[in-house]
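Structural features, examined
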Amino acid sequence: MRARILIVGGGIMGVSTALRCAQRTADPNRDPVVLLEKKHLGAGSSGRSGAILRQHYHDAVVARMARDSLREYAGFEERTGLPLGFHRTGVLTLAGPTQPDWCQRIRENVAMLRDLGIDTELVDATRMRALVPGIQVANEAVGAWEPGGGFVDPNRTLESFAKLARSHGATTRIGVELTGIRVANGRVTGARTSEGDYEAEQVVVVAGPWTRALFRELGLDFPLKVVRPENHYLAVPEMASDGEESPRPRSFSLEELQEPGQAPARAVRGLHPVLIDLEHGFYARCDPAHARTRVGHVDYDDDHELADPDSLVEEVSDELKRWTRATLAKRLPPYARRPDAGSIAAWYTLTPDAQALIGPVPGIAGLFIVTGFSGHGFKLGPSVGEGVAQMLFDEPVTALDPDFFSPTRFKGGESWGGRFGL
Ligand SMILES: Cc1cc2nc3c(=O)[nH]c(=O)nc-3n(C[C@H](O)[C@H](O)[C@H](O)COP(=O)(O)OP(=O)(O)OC[C@H]3O[C@@H](n4cnc5c(N)ncnc54)[C@H](O)[C@@H]3O)c2cc1C
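Residues numbered from 1 in each chain as written. Predicted model: local features only at pLDDT ≥ 70, side-chain atom pairs only at ≥ 80, totals over all residues.

Thoughts on the sheet that holds strand β12 (residues 225-228)
Strand pairs in the sheet, formed through backbone hydrogen bonds, run parallel or antiparallel to each other. Overall, antiparallel pairing links the three strands, which are arranged β17-β12-β19 in an open sheet. The open sheet is flanked by β17 (304-305) and β19 (348-350), the only strands paired with a single partner. Here two bridges tie β12 to β17, and the two strands are oriented antiparallel to one another. Note on β17: the bridge partner recorded for R228 is H304. (Pairing = 2+ DSSP bridges. Helix = DSSP H or I, 4+ residues; strand = E, 2+ residues; numbered from the N terminus.)

What follows is the structure, encoded as structure tokens:
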């Protein structure tokens, strides 16, 4: 078997890269683009992602990618006719009066983001209360509002990107595992897989939490750490008209919120903008398909490190469940009385500076690493796919900054930190 480009991993980065490569390939029979996925699309971090699309970043290079990717996601359904489950609810990032440094950072970020043409505004407590009715914020709180942000359904997005990639001639081999990368004379020559050997001119490893182990077999060790975040869900508050569970949430048009095949009343009930709450340390994102809200921590300092990604324990602690309810209810009190609605454990693949490794692997021509998105990569997927395709096709790389994401930027001894690039 032969591939011009072999992409290893069926998460958002894999399908996006496959799509952008296939779109550049004039003759897929002569220059096959092949994606291998060992389990199913979304079997790694992507399938469990919150897939929140915000542009609020501290680094301009990442904010630009978030901006461009949001444009891509927002127009995708209309352009292609394929569903992503995109919801433009708006995103509110906020800090409290006891956090002068974060308040200042939000102010600086908003000024920088506006210079990049990103639709965002600095908001005070009064404006926050208008945007998220019922929200409890101190008068001195500082927020950044992005009206264009929201989220997609991660698994629908993977399926639709993969479908579009196939329509452009890419092949997706689901249930096929890469078992080794073949190298000769300083150049990648192909791969061993569960369905046999592939010859390949270029190999892109986008294997998320499993990436580090694949490179270790080649004697290469990248500074990657896999940790286990937990998320918990609470049912969304009823709308005021349903009973006394006020406040009435901000109302959205049905086109914005209705899930295909669902009754509108259920789809619009109790939804509110995405909250990224630096004061109470959580993010919250509604899940309209299931009338529930997902909540997670905005840092990963306490997340348990996993030596082996396959050792993930799915059971979520009662402590997390209690913390979720108590913390979200500090902002939106009706959540104190809402039923539990599920939990999820997953993987973040971290780097020391919480930014990804994207680029050629030193010493092995034709081999690329794309991983370490540190819990905030889904929103960047379209830009990453485009940037990696530009690298593979030897074009000027404009969709991302190769120096910023250089896989060789760490010299050892770095401290680990970062809150999703905020
Ligand atoms: C709980 C949670 C919430 C998140 N929320 C957000 C959010 O709100 N917004 C945001 O932007 N980002 C978010 N993220 C981060 C985002 O989801 C990730 O950065 C992104 O999904 C990483 O995608 P990936 O393609 O690099 O890796 P993955 O999705 O992990 O994909 C890797 C794939 O490779 C496959 N694979 C591995 N080894 C092999 C092999 N040997 N052969 C073949 N296939 C192989 C795996 O099965 C897997 O499907 C969240 C992540 C989690 C876990």
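A look at the sheet that holds strand β15 (residues 282-287)
As summarised here, the arrangement of the eight strands in space is β5-β6-β4-β14-β15-β16-β13-β18, forming an open sheet in which the pairing is mixed. Looking at strand neighbours, the two that pair on one side only are β5 (121-123) and β18 (340-345), the edges of this open sheet. In this sheet, adjacent strand axes meet at a mean angle of 20° when their direction is disregarded. Sheet analysis places β5 next to strand β6 (residues 142-146), joined by three bridges and oriented antiparallel. Bridging from a neighbouring strand, E121 pairs with W145 of β6. Packing of helix α3 (residues 100-115) onto the sheet brings it into contact with β4 (91-95), β5 and β6, and relative to β6 it is tilted by some 30°. Sitting on the sheet, helix α9 (residues 318-331) is in contact with β13 (230-235), β14 (274-277), β15, β16 (292-297) and β18, with an inclination near 55° to β13. (Axes fitted to C-alpha atoms, helices over the stretch in contact; angles between N-to-C directions. Contact = placed C-beta atoms within 7 Å.)

Focus: the packing of helix α1 (residues 12-24) against helix α10 (residues 381-392)
Packing of α1 against α10 brings their axes to within 8 Å, and their N-to-C directions diverge by 50°. Here α10 runs oblique to α1, going by the angle between their axes. Like other packed secondary-structure pairs, α1 and α10 cross with a definite hand, here right-handed. For the pair α1 and α10, the contacting residues are I12, M13, S16, T17, L19, R20, C21 and R24 in the first and G381, P382, V384, G385, E386, V388, A389 and L392 in the second. Classifying every residue of the contact of α1 with α10 by side-chain character gives nine nonpolar, four polar and three charged. (Parallel < 35°, antiparallel > 145°, perpendicular 65-115°, else oblique. Left-handed = near helix turned anticlockwise from the far one by under 90°. Nonpolar A, V, L, I, M, F, W, Y, C, P; charged D, E, K, R; others polar.)

Notes on helix α5 (residues 154-167)
The end-to-end C-alpha distance of α5, which contains 14 residues, comes to 20 Å, matching closely the 20 Å that a straight helix rising 1.5 Å per residue would cover. Buried within α5 we find P154, R156, T157, L158, S160, F161, A162, L164 and A165. Of the surrounding elements, those touching the buried residues of α5 are α1, α2 (60-80) and β8 (171-174). (Expected span 1.5 Å × (residues − 1). Buried ≥ 20, exposed ≤ 12 C-beta atoms within 10 Å, placed from the backbone.)

Notes on α9
The α-helix advances 3.6 residues per turn, and as a result positions three or four apart in sequence lie on the same side. Over its 14 residues, α9 runs 21 Å from end to end, which matches the ideal 20 Å to within 8%, given 1.5 Å per residue. Taken residue by residue, α9 has T324, L328 and R331 as its buried positions. Viewed end-on, α9 has its buried residues packed into an arc of 45°, placing them on one side of the element. Of the exposed residues in α9, those oriented more than 90 degrees away from the buried face are D318, E319, R322 and A326. Check the buried side of α9 and you find it contacts β13, β14, β15 and β16. (Arc of directions from axis to C-beta.)

Considering the domain arrangement of the protein
Under the domain assignment used here, the protein contains domain 1 (1-90 + 148-223 + 349-422) and domain 2 (94-145 + 227-348). Centre-to-centre separation of domain 1 and domain 2, based on C-alpha positions: 27 Å. Of the residues lining the interface, 33 residues belong to domain 1; the matching set on domain 2 comes to 37 residues. Listed by contribution, the elements that provide at least two residues to the side of domain 1 that touches domain 2 are α2, β7 (150-151) and β19. If one sorts the elements of the side of domain 1 that touches domain 2 by residue count, α2 sits on top with four residues. Residue classes in the side of domain 1 that touches domain 2 are distributed as nine nonpolar, 17 polar and seven charged. (Domains from an automatic or database assignment.)

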